[in-house]
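# Survey of secondary and tertiary structure
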Amino acid sequence: AMEKDVGTLRDEIWKRHKEMGGVNAAANNTRLLEKQSRMLESRLDQSLVKFNKCVSRNKMLRKEIDCLRGDRVTYEKVYK
């Protein structure tokens, strides 16, 4: 009877282990989380680079618009 109980308990432990993902479950989960974190950080960096390029282009276009506005004012004064 005792051997039967020990066998049942071993089976139960084996089943629970399998449900949890085995011996390396924690290590695998940590590795997956680190990989996902690196991937998201990389996407963030790429997005920041793209954003900074857009900000720089906007700044350049604003300067050009200001120059053109100044030219328009000068043109209007001359040809009024």
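Everything below is about the structure printed above this text.
Summarised in this report is the structure supplied together with it.

Conventions adopted
- Residues numbered from 1 in each chain as written.
- Predicted model: local features only at pLDDT ≥ 70, side-chain atom pairs only at ≥ 80, totals over all residues.
- Heavy atoms only, no water.
- Helix = DSSP H or I, 4+ residues; strand = E, 2+ residues; numbered from the N terminus.
- Rg over C-alpha atoms; globule rule 2.2 N^0.38 Å.
- Buried < 20%, exposed > 50% of the residue type's maximum accessible area, 1.4 Å probe, protein only.
- Areas by Shrake-Rupley, 256 points an atom, 1.4 Å probe, with all protein chains shown as cover.
- Lys, Arg positive; Asp, Glu negative; His and termini not counted.
- Charge placed at Lys NZ, Arg CZ, Asp CG, Glu CD.
- Phe/Tyr/Trp six-rings, centres within 6.5 Å; stacked < 30°, edge-to-face > 60°.

### A few points about the overall build of the chain
Across its full length, the chain carries 2 helices and 0 strands. Taking 80 residues into account, the globule formula puts the C-alpha radius of gyration at 12 Å, and the chain, at 33 Å, lies well above it. In terms of overall dimensions, the chain has C-alpha extents of about 110 × 15 × 10 Å along its principal axes. Per-residue burial for the chain yields a buried fraction of 1% across its 80 residues. Carbon and sulfur atoms form 58% of the exposed surface of the chain, whose accessible area is close to 8,200 Å². The chain carries 19 positive and 12 negative side-chain charges, and their two centres are separated by 10 Å.

### Considering the packing of aromatic side chains
Taken as a whole and assessed by the stated rule, the structure comprises 1 aromatic pair. With a centroid separation of 4.8 Å and 45° between ring planes, the pair formed by Y75 and Y79 is classed as tilted. This pair shows no difference in class: Y75 is exposed, exactly as Y79 is.

### Digging into the environment of E41
One can find E41 in helix α2 (residues 25–78). For E41 and K4, which are 37 residues apart along the polypeptide, the C-alpha to C-alpha distance reads 53 Å.

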